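Each chain is listed here by its residues.
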Amino acid sequence: MATPTVVLLPVWGTGHLMSMLEAGKRLLRRRGRALSLTVLVMRPPTEQLASEVAGHISREEASGLDICFIQLPAVAPPVDHVGIEEFVSRFVLLHAPHVRAAISGLACPVAALVIDFFCTTLLDVSRELAVPAYVYFTSNAAMLALFLHLPVLHEEVTVEFEEMEGMVDVPGLPPVPPSSLPLPLMDKKNPNYTWFVYHGRRFMETDGIIVNTAAELEQRVIAAIADGRCTHGVRAPTIYPIGPVISFNPPTNQPHECVRWLGTQPPASVVLLCFGSGGFFTAPQAHEIARGLEHSGHRFLWVLRGPPVPGGRKPTDANLEELLPDGFLERTKDKGLVWPTIAPQKEILAHSAVGGFVTHGGWNSVLESLWFGVPMAPWPLYAEQHLNAFVLVAGMGVAVAMKVDRKRKNFVEAAELERVVKTLMGGGEEGWKAREKAMEMKAACRMAVEEGGSSYCALQRLSEELYKGAAVEVKK
Ligand code: UDP
C-alpha cells in the first residue's frame, strides 16, 4: 500500500499555520507507522498575508520532509461581513468544492483530514468522502471546554454575558467572570458569536480533537471534557493533548540585535513586552506604557508596533518619534530597548536575561513563555486572550494579574503597568510564586513531550488512530 497521507487544512494566520505544520511534522517523526503529510493551502485574503504564507511554505518545502503542499484555487473573500471570526469561517466555507476535489484527486490512501477550528463547515466534505476528521485546536483546553459548552450556555444564559448575574460555569475551570470571556462572545447579536456556537456544536461530529496543550498544564479541564461534563453528559470526541507544539526557527549565524542587547544585561533582570502578530498601540497608550516602565525602574525590552494603515488589520512598524513621549528613549537608553518591528520572541524568551513577560496572552506566546519558565503578566487585547489571562492567573498561577479596562479598548494606566512590572520583577511574594509556578510548568512541559511523557503518548495514540483511518477508501 502507498504511504497513507494525513491531509492538513490550516488557516493562514502564522499562529495557526505554523502550529499545525509543526504538529504534522511531529506525526511524521513517529516511529513504526509511516505517514505522509498533504497540506491544502487556501490563498489568504490579502497580498501581505499571501506573501507571509508563501515564505513559510518555501522554507518548509526546502526541509526535505515528506510534505506535499497543494495550492487550492483562490476564492473571492466575503465583503459584507461584520467580524473577523465570521469572515474567516465564511471564507473557509467557500473552499468546500476545492477541498473535496483536492482530496478526491490524491493517489494515496487518506488517513484523515485535520482541520483548523475555524473550518468545521468542511466536516461535510470529510463525511461525503468517508474520511475521518479531526480538529487541530491551536488554543488551550480551557478554550476548547468553553467552545464545547457554548451550545449549553447559549440555552441557559439568555441575556448578554456582561448582563448576567454571577459567574459563567465552564466545567473544569474555576468560576469565570463574564469579563474574562473571549471578545467574540461579548455581543450575541454579532455573527461572530453565532459562528462560535456553530463551531462548538460541530466539534462533536469529529473523530478527535488534537489540542496544543499538555495534560499536566490543564488536568482538570481535560478531565471535564473527557467525562462529558462540558457537553451535557454526552461523550465528547477523544482529546489528544500533544503540546506544547512550538515551532523553533533554525539557528542563525548572527544573533539578532535584541538578543545581542540582552547579552549585556544581568540575569533575569529584563521584562519583555511583546503583543503577538496583531497587537499595536496608539500614542496615548504608548505614553502610559513608557511612563509605567520608566517609573518601575526595571530593565525592559519592548516590542512596539504601530496602528495598521487605513483599511488594514495588521500592525505596522512603529514610528517611535510619533508614539513615544519626548526624551523617553534618551532617558532610558541604559535600561531599555524599544524594538519597532517583529522580534524573534522565542530566542528572546530563551535568553537568561529575561525575567518576566508582559504578553497579550496569545496561546503560542504563553506556551513559549512556559517552555522557558518565564512568569507572565497578561494584557489581553483580542480573540480569546481574556480567557487565557484568567487561566494563567486563576488556574495555573504562573502570572501576575493586570487591570485592563475592557470598556476603553483594553487600556492600561501607567501606574498599573508600573505596579505589575514591580510585582513581576521585584521579588515580592506574588512575583515569586508566579516564577516558581512557571519553573514547575517548564519542567512539566519538557517532560510531557519526551519519550514516555503524556504528550508523547497522546501523539502515539493519535498516529495509531490515523493509521487505522487509512484503511478506509475515499469515495470518489
Ligand atoms: N511573534 C514573534 N515576534 C513578534 C510577535 C510575535 O516571534 O514580534 C511570534 C510569537 O513568538 C508566537 C506568534 O508570533 O509564536 C504569535 O502567536 P500567538 O498565538 O501568541 O498570538 P497571535 O499572533 O496569534 O495573536
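Whatever comes next refers back to the structure up there.
Residues numbered from 1 in each chain as written. Predicted model: local features only at pLDDT ≥ 70, side-chain atom pairs only at ≥ 80, totals over all residues. Heavy atoms only, no water.

Enquirer: I'd love a proper account of the overall build of the chain, names of residues and values included.
Expert: A count of helical and extended segments in the chain gives 18 helices and 14 strands. For the chain, the C-alpha radius of gyration of 22 Å lies close to 23 Å, the compact-globule estimate for 476 residues. Each principal axis of the C-alpha distribution contributes one length, and for the chain these read about 70 × 55 × 45 Å. When burial is assessed residue by residue, the chain has 58% of its 476 residues classed as buried. For the chain, the accessible area works out to roughly 19,900 Å², and carbon and sulfur atoms hold 55% of it. (Helix = DSSP H or I, 4+ residues; strand = E, 2+ residues; numbered from the N terminus. Rg over C-alpha atoms; globule rule 2.2 N^0.38 Å. Buried < 20%, exposed > 50% of the residue type's maximum accessible area, 1.4 Å probe, protein only. Areas by Shrake-Rupley, 256 points an atom, 1.4 Å probe, with all protein chains shown as cover.)

Enquirer: Can you break down the pattern of salt bridges residue by residue, with the values?
Expert: The tally for this structure, following the rule as stated, stands at 24 salt bridges. Glu440 is paired through a salt bridge with Lys437; the nearest N and O atoms lie 3.1 Å apart. One end of the pair is Glu440 and the other is Lys437, both in helix α17 (residues 429–449) and three residues apart, which spans about a single turn. On the basis of relative accessibility, which here comes to 30%, the residue Lys437 falls in the partly exposed class. Taken together, the salt bridges that share partners define one network made up of Asp124, Arg127, Arg202 and Glu205. (Salt bridge = Lys/Arg side-chain N within 4 Å of Asp/Glu carboxyl O.)

Enquirer: Break down the pairing of strand β13 (residues 354–359) for me, citing the residues and quoting the values.
Expert: The element β13 is largely enclosed, with a buried count of six among its six residues. Looking at chain direction, β13 and strand β14 (residues 376–378) are connected through three bridges and run parallel. Of the residues in β14, the one forming a bridge with Thr359 is Pro378. Taken together, β13, helix α14 (residues 363–371) and β14 form a β-α-β motif whose crossover is right-handed. (Pairing = 2+ DSSP bridges. Right-handed = clockwise from strand over helix to strand, strands pointing away.)

Enquirer: Give me the lowdown on helix α7 (residues 191–202), citing residues and values where you can.
Expert: Along its twelve residues, α7 runs 16 Å from first to last C-alpha, staying within 8% of the 16 Å computed at 1.5 Å per residue. Of the residues making up α7, those classed as buried are Asn192, Tyr193, Trp195, Phe196, Val197, His199, Gly200 and Arg202. Where α7 begins, the capping side chain belongs to Asn190, and its oxygen is found 2.8 Å from the backbone nitrogen of Asn192. (Expected span 1.5 Å × (residues − 1). Polar contact = N/O pair within 3.5 Å; in protein donor to acceptor, adjacent residues only side chain to side chain.)

Enquirer: Summarise the site of the ligand; cite the residues concerned and give the values.
Expert: The local shell around the ligand holds 15 residues, among which Ser277, Ala343, Ser365, Glu368 and Tyr382 are the closest. Within the side chain of Glu368, an N or O atom sits 2.5 Å from an oxygen atom of the ligand. In terms of residue count, the dominant contributor to the shell around the ligand is α14 (four residues). Residue classes in the shell around the ligand are distributed as six nonpolar, eight polar and one charged. (Near = heavy atom within 4 Å. Nonpolar A, V, L, I, M, F, W, Y, C, P; charged D, E, K, R; others polar.)

Enquirer: Give me the lowdown on the sheet that holds strand β6 (residues 208–211), citing residues and values where you can.
Expert: In space, the seven strands of this open sheet follow the order β3-β2-β1-β4-β5-β6-β7, with parallel pairing throughout. At either margin of the open sheet sits one strand with a lone partner, and together these are β3 (67–71) and β7 (238–241). Pairwise comparison of adjacent strand axes, ignoring direction, gives a mean angle of 25° for this sheet. Summarising the sheet, strand β5 (residues 133–137) and β6 pair through four bridges and their orientation is parallel. Bridge assignment links Phe137 to a residue of β6, and that residue is Val211. Strands β1 (5–9), β2 (36–41), β3, β4 (110–116) and β5 of the sheet are contacted by helix α1 (residues 14–28), whose axis makes an angle of about 165° with β2. (Axes fitted to C-alpha atoms, helices over the stretch in contact; angles between N-to-C directions. Contact = heavy atoms within 4.5 Å.)

Enquirer: Any chance you could break down the side chain of Glu288 for me, citing the residues and the numbers?
Expert: Looking at where Glu288 falls in the secondary structure, it is placed in helix α10 (residues 283–296). Reaching out from Glu288, the side chain makes a polar contact with the side chain of Arg291 at a distance of 2.9 Å. Once residues within four sequence positions are removed from consideration, Glu288 is found in contact with Phe411, Val412, Glu413 and Ala414.

Enquirer: Let's hear about the packing of aromatic side chains: which residues, and what values?
Expert: For the structure shown, the criterion picks out 18 aromatic pairs. With a centroid separation of 6.4 Å and 55° between ring planes, the pair formed by Tyr134 and Tyr240 is classed as tilted. Here the residue Tyr134 occupies a position in strand β5, and Tyr240 occupies one in strand β7, the gap between them amounting to 106 residues. Judged by its relative accessible area of 4%, Tyr134 falls in the buried class. Ring pairs connect the aromatic residues Phe117, Phe118, Phe137, Phe147, Phe196 and Phe203, which therefore count as one cluster. Over the ring of Phe161 we find Lys188; its NZ or CZ atom is 4.5 Å from the centre of that ring. When the ring centre of Trp432 is taken as origin, the NZ or CZ atom of Arg435, which lies over that ring, is 5.9 Å away. (Phe/Tyr/Trp six-rings, centres within 6.5 Å; stacked < 30°, edge-to-face > 60°. Lys NZ or Arg CZ within 6 Å of the ring centre and 35° of its normal.)

Enquirer: An account of the sheet that holds β13 is needed here, citing residue identities and associated values.
Expert: Here we have five strands laid out as an open sheet, ordered β12-β9-β8-β13-β14, and parallel in their pairing. Taken across any chain shown, the strands that pair with only one partner, and hence form the sheet edges, are β12 (336–339) and β14. Averaged over all pairs of adjacent strands, the angle between their axes in this sheet comes to 15°, without regard to strand direction. Where α10 meets the sheet, its contacts fall on β8 (270–274) and β9 (299–303), and the angle it forms with β9 comes to roughly 165°. The strands that helix α16 (residues 414–425) touches are β8, β13 and β14; relative to β8, the one it contacts most, it runs at about 130°.

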